[in-house]
Amino acid sequence: MSRVAVKVGSLELKNPVLTASGTFGYGLEYDDFFPVAALGGICTKGLSREPRAGNAPERICETPASMLNAIGLANVGVEAFCRDKLPALRERGVTVVANIFASTTEDFVAIAERLGDEAGVHALELNVSCPNVSHGGIEFGKDPRLAAQVTSAVRKAVALPLWVKMSPEAGDIVAVAKACEDAGADAITAINTIRGMTIDVDTERQRLANRTGGFSGPALRPIALRIVWDLVGAVSIPVIGIGGISTWRDALEFLLAGATAIQVGTANFADPCAAKKVLDGLEAHCERHQTTVPELIGRARR
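Definitions and cut-offs
Residues numbered from 1 in each chain as written. Predicted model: local features only at pLDDT ≥ 70, side-chain atom pairs only at ≥ 80, totals over all residues. Heavy atoms only, no water. 1 Å grid on protein atoms, 1.4 Å probe; cavity = no way out; pocket = protein on both sides within 12 Å on 5 of 7 lines; lining within 4 Å. Points joined across faces, edges and corners; volume = space filled by probe spheres on them. Helix = DSSP H or I, 4+ residues; strand = E, 2+ residues; numbered from the N terminus. Nonpolar A, V, L, I, M, F, W, Y, C, P; charged D, E, K, R; others polar. Buried < 20%, exposed > 50% of the residue type's maximum accessible area, 1.4 Å probe, protein only. Contact = heavy atoms within 4.5 Å. Pairing = 2+ DSSP bridges. Axes fitted to C-alpha atoms, helices over the stretch in contact; angles between N-to-C directions. Salt bridge = Lys/Arg side-chain N within 4 Å of Asp/Glu carboxyl O. Expected span 1.5 Å × (residues − 1). Arc of directions from axis to C-beta.

Novice: Provide a residue-level description of the layout of surface pockets, including the pertinent values.
Specialist: Size it by volume and the largest pocket reaches roughly 730 Å³. Surrounding the largest pocket, 42 residues form its lining, Thr-23, Asn-69, Ser-216, Thr-266 and Phe-269 being those nearest its centre. Elements represented by at least two residues in the lining of the largest pocket include exactly β5 (60-63), β6 (66-69), β16 (261-264) and α8 (267-270). For the lining of the largest pocket, the class distribution of residues is 18 nonpolar, 21 polar and three charged.

Given below as structure tokens:
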């Protein structure tokens, strides 16, 4: 038996290491670095009903121990994904969690239904928390009622496992998570980025054309870990931890706090093999201590 296999609701993963949406393309871009199917799964770049160009440049910049991005959810659209990306992922045996976003509940449902018809999509992740788009986005994730409305509608439309991604900017993130659980979510993913900004003192202008961008990277990790801890104690469905995870030791913190799985995000920009290194480290730790990932989950709470 594998020491690192986990279950997120009904979905069995070969290990708890996934990649975070928006940081790993569609998975195929990493073929030259390692076999992506070795990971527990990938969360695709956010998919919209129609192709989307995203925000104008400049839309990404580095900051101390972090980065800011205002990509604006640029993507090929759900049809092109199903036609051009998914067959190759399916052929490689990649576990695909399709991240989806929209500005209306109706569009969320339409995208979910389209993906629900395709073999090779293993779960959906509802992005109700992106801080870098003008319509929809974070507004769904701030309001328990709106988040539940979207979750319920998608839950009724498809049978796929349904994950909902939380915004750290929600006034009461526990209330949002509970509302999504009650509406039929199978898991909570936490957290998305936090809005931040930076100014170039030489040009005296904001460094991002969008002015603000999503703050992510190692500096975010203590905040993300605290939120994951709180959510694990508040909901009965699995919580998947995201935020500043760069090493296996970072990942282990989230597992010990009660996360069932984790997602590696910003670290992929610095090292395209980051997620595989996290997995290798967790496997080595379990072997060294003769334990398993399920045995480690939540151990810090006991």
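Once the structure has been displayed, the description carries forward.
Novice: Got a sec to walk through the environment of Val-293? Specific residues and values, please.
Specialist: By the element assignment, Val-293 lies in helix α10 (residues 293-296). Relative accessible area serves as the criterion here: at 0%, Val-293 is assigned to the buried category. For the pair formed by Val-293 and Ser-10, sequence separation is 283 residues and the distance between their alpha carbons is 17 Å. Setting aside chain neighbours within four positions, we find Val-293 in contact with Arg-3, Val-4, Val-6, Pro-16, Leu-255 and Cys-286.

Novice: Lay out the pairing of β5 in plain terms, naming residues and giving numbers.
Specialist: What you see with β5 is a clean split: Cys-61 and Thr-63 sit on the buried side and Ile-60 and Glu-62 on the side with no burial. Turn length for the β5-β6 hairpin, with the two strands adjacent in sequence and antiparallel, is two residues, and the turn residue Ala-65 shows positive phi of about 60 degrees.

Novice: Now, about the sheet that holds strand β11 (residues 194-196): what can you tell me, with residues and values included?
Specialist: Pairing between the strands of a sheet is mediated by backbone hydrogen bonds and can be parallel or antiparallel. Reading across from one edge, β5-β6-β14-β11 is the order of the four strands in this open sheet, with antiparallel pairing throughout. Unpaired on one side and paired on the other, β5 and β11 mark the two borders of the sheet. Across this sheet, the average inter-strand angle for adjacent strands is 35 degrees, counted without regard to direction. Pairing of β11 with strand β14 (residues 213-216), which is carried by three bridges, proceeds in the antiparallel orientation. When the bridges of β14 are listed, Gly-196 appears paired with Gly-213.

Novice: Quick rundown of the pattern of salt bridges? Include the residues and the values.
Specialist: Pairing between side chains of opposite charge can happen when the charged atoms of each approach one another. All told, the structure shown has 14 salt bridges when counted by the stated rule. Across the salt bridge formed by Arg-83 and Asp-84, the nearest N and O atoms sit 3.0 Å from each other. A residue is classified by how much of its surface remains accessible, and Asp-84, at 42% relative accessible area, is partly exposed. Where Asp-230 meets Arg-226, a salt bridge forms, and the shortest distance between an N and an O atom there is 3.5 Å. Residue Asp-230 and its partner Arg-226 are located together in helix α6 (residues 221-234), separated by four residues, close to a single helical turn. The network of salt bridges with common partners includes Glu-79, Arg-114 and Glu-118.

Novice: Run through helix α2 (residues 105-116), naming residues and quoting values.
Specialist: Over its twelve residues, α2 runs 16 Å from end to end, which matches the ideal 16 Å to within 8%, given 1.5 Å per residue. Three or more residues of α2 are buried, namely Thr-105, Phe-108, Val-109, Ile-111, Ala-112 and Leu-115. All buried residues of α2 fall inside an arc of 165 degrees around its axis, so they share one side.

Novice: So what's going on with the sheet that holds strand β10 (residues 187-190)? Which residues, and what values?
Specialist: Around the barrel, eight strands lie side by side as β3-β4-β7-β8-β9-β10-β15-β16; this closed barrel has parallel pairing. On average, each strand axis in the sheet is inclined to that of its neighbour by 25 degrees, with strand direction left out of account. In this sheet, strand β8 (residues 121-127) lies alongside strand β7 (residues 96-100) in parallel orientation, the contact comprising five bridges. Bridge pairing links Val-96 to Val-121 in β8. Against the sheet, helix α7 (residues 248-257) contacts β15 (239-242) and β16, and its axis sits at roughly 145 degrees relative to β16.

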